[in-house]
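The lines below spell out each chain.
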Amino acid sequence: MKNVDDLIASAAELAERGLSKGEIADELNVSRETASWLVERSGSSGYDDREPTATSGAEGSGPHDIHVDWSAVGRDSARLTQIGRAMADLLSKEGEAVDLTIGIEKAGAPLATVVAKDLDTDLGSYAPAKHQWEEGDIEELGGSFSRNFAQIRDRECYVVDDIVTSGTTMGETIEAIREEGGEPVACVVIVDKQGIDTIEGVPVYSLIDVVRVGEE
C-alpha cells in the first residue's frame with residue numbers, strides 16, 4: 001500500500017468481510033482511531049457512513065499516524081524466520097530463566113513461534129481485546145489466552161508482537177499475564193512507532209524505532 005487511498009480501500013474491503021475496527025487496525029498496522037477514520041472515509045456498508053471523529057484530525061485530514069507495511073517479510077517464511085531470529089537475539093540478553101514466549105495475535109504469533117524455537121521456550125498465544133472493538137470503551141472488553149498453547153502457570157515470559165503503535169495492546173497483555181500469575185520479563189517488536197523504552201515497567205526492544213521530526 002502506497003498512499004492513504006490504498007489504505008481506505010483496504011479498510012473498506014476488510015469491513016465488508018466483517019472484521020471489527022480493532023481487527024482492521026491490527027491488519028493495517030495502524031491505531032484504532034486511524035482504523036475508525038479509514039472505515040468511515042471509505043463509506044463501507046459494513047459501518048455507518050459518518051464524518052471523521054474529533055480524534056481524526058482537523059477538517060477530516062485524518063489522525064496523525066504512521067502506516068507500516070511489513071508484508072514483504074510476512075509473506076515469506078525464510079524472511080520471517082530471519083526477522084524472528086533477530087528479535088530473539090534482542091531478548092537473549094535477558095538470561096536463560098525464561099521458559100515461555102507469548103505471541104500477541106495475529107501477527108505476533110508467527111514471530112513468537114520463531115522466537116520460542118530460537119530461545120528454546122514454550123509457546124503461548126494471546127488474543128487482545130481490540131479484536132472485538134468497534135466503538136466505545138475498550139476497557140469493557142477482555143482478551144484471552146488460547147488453551148491450544150502453553151499456559152502461564154506462574155512462569156516468567158517474553159511478549160512478542162509486530163508493531164507498537166500506542167502501547168495499549170502490549171500493556172493489556174502484560175497485565176493479563178500478571179493476572180495469571182506470570183511475570184513478563186521483556187517485550188520485543190519489529191517496529192516501535194512511539195520510541196517506548198518500557199511498558200508497565202517491562203523493557204521493550206525493537207528492531208526499528210520510528211521518530212517524527214518537525215511539526216505535523
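These numbers were taken from a predicted model, which means no experiment stands behind them.

1. So, the pattern of salt bridges
Thought 1: Across all of its chains, the model carries five salt bridges by this definition.
Thought 2: Note that D99 is salt-bridged to R155, the shortest N-O span being 3.6 Å. With D99 in the loop between helix 5 (77-91) and strand 1 (100-104) and R155 in the loop between strand 3 (144-145) and strand 4 (156-160), this residue pair connects regions lying 56 residues apart in the sequence.
Thought 3: Given a relative accessible area of 31%, D99 falls into the partly exposed group.
Thought 4: With a relative accessible area of 11%, R155 lands in the buried category.
Thought 5: Note that D122 and R155 form a salt bridge whose closest N and O atoms lie 2.8 Å from each other. A residue pair is termed long-range when its members are at least 10 positions apart, and D122 in strand 2 (residues 122-127) and R155 in the loop between strand 3 and strand 4 qualify at 33 residues.
Thought 6: The exposure class of D122 is partly exposed, given its relative accessible area of 36%.
Thought 7: What you see here is one network of salt bridges that share partners, running through D99, D122 and R155.

2. Digging into the pairing of strand 1
Thought 1: Of all five residues in strand 1, five are buried; the element is thus mostly enclosed.
Thought 2: Residues L100, I102 and I104 of strand 1 are buried on one face, and the alternating residues T101 and G103, pointing to the opposite face, are buried as well.
Thought 3: With five bridges joining them, strand 1 and strand 2 adopt parallel strand pairing. Bridge assignment links G103 to a residue of strand 2, and that residue is S125.
Thought 4: For the segment spanning strand 1, helix 6 (residues 108-119) and strand 2, crossover handedness is right-handed.
Thought 5: Sheet analysis places strand 1 next to strand 4, joined by three bridges and oriented parallel. Among the inter-strand pairings, I102 is bridged to a residue of strand 4, identified as V159.

3. Here we look at a negative patch on the surface
Thought 1: Residues E175, E179, E180 and E200 make up a contiguous surface patch of negative charge.
Thought 2: Within the secondary structure, E175 sits in helix 7 (residues 168-179).
Thought 3: When its relative accessible area of 47% is taken as the criterion, E175 is described as partly exposed.

4. Observations regarding the nonpolar core
Thought 1: The biggest cluster of nonpolar side chains holds 21 residues, and the ones touching the most others in it are W70, M87, L91, L111 and V160.
Thought 2: Those elements that place two or more of their residues in this core are helix 5, helix 6, strand 4 and strand 6 (183-192).
Thought 3: By residue number, the principal contributor to this core is strand 6, which donates five residues.
Thought 4: Ignoring sequence-local partners within four residues, the contact set of L91 consists of V115, L119, Y158, A186, C187, V188 and Y205.

5. Some details on helix 6
Thought 1: Over its 12 residues, helix 6 runs 16 Å from end to end, which matches the ideal 16 Å to within 8%, given 1.5 Å per residue.
Thought 2: Among the residues of helix 6, G108, L111, A112, V114, V115 and A116 are the ones counted as buried.
Thought 3: Check the buried side of helix 6 and you find it contacts helix 5, strand 1, strand 2, strand 4 and strand 6.
Thought 4: Phi for D120, located one or two positions after helix 6, is positive at around 55°.

6. Focus on the confidence of the model for the protein
Thought 1: A residue-level look at the protein finds 82% of positions with pLDDT of 70 or above and a mean pLDDT of 83.
Thought 2: Here residues 45-60 is modelled with pLDDT under 50, and outside its nearest four sequence neighbours on either side it reaches 30 contacts, counting other chains as well.

Reading the values: rules and limits
- Residues numbered from 1 in each chain as written.
- Predicted model: local features only at pLDDT ≥ 70, side-chain atom pairs only at ≥ 80, totals over all residues.
- Heavy atoms only, no water.
- Salt bridge = Lys/Arg side-chain N within 4 Å of Asp/Glu carboxyl O.
- Helix = DSSP H or I, 4+ residues; strand = E, 2+ residues; numbered from the N terminus.
- Buried < 20%, exposed > 50% of the residue type's maximum accessible area, 1.4 Å probe, protein only.
- Pairing = 2+ DSSP bridges.
- Right-handed = clockwise from strand over helix to strand, strands pointing away.
- Patch = residues over 30% accessible without salt bridge, like charges linked within 9 Å, V, L, I, M, F, W, Y side chains within 5 Å.
- Areas by Shrake-Rupley, 256 points an atom, 1.4 Å probe, with all protein chains shown as cover.
- Lys, Arg positive; Asp, Glu negative; His and termini not counted.
- Charge placed at Lys NZ, Arg CZ, Asp CG, Glu CD.
- Core = buried A, V, L, I, M, F, W, Y, C linked by side-chain atoms within 4.5 Å.
- Contact = heavy atoms within 4.5 Å.
- Expected span 1.5 Å × (residues − 1).
- pLDDT = per-residue confidence, 0-100.

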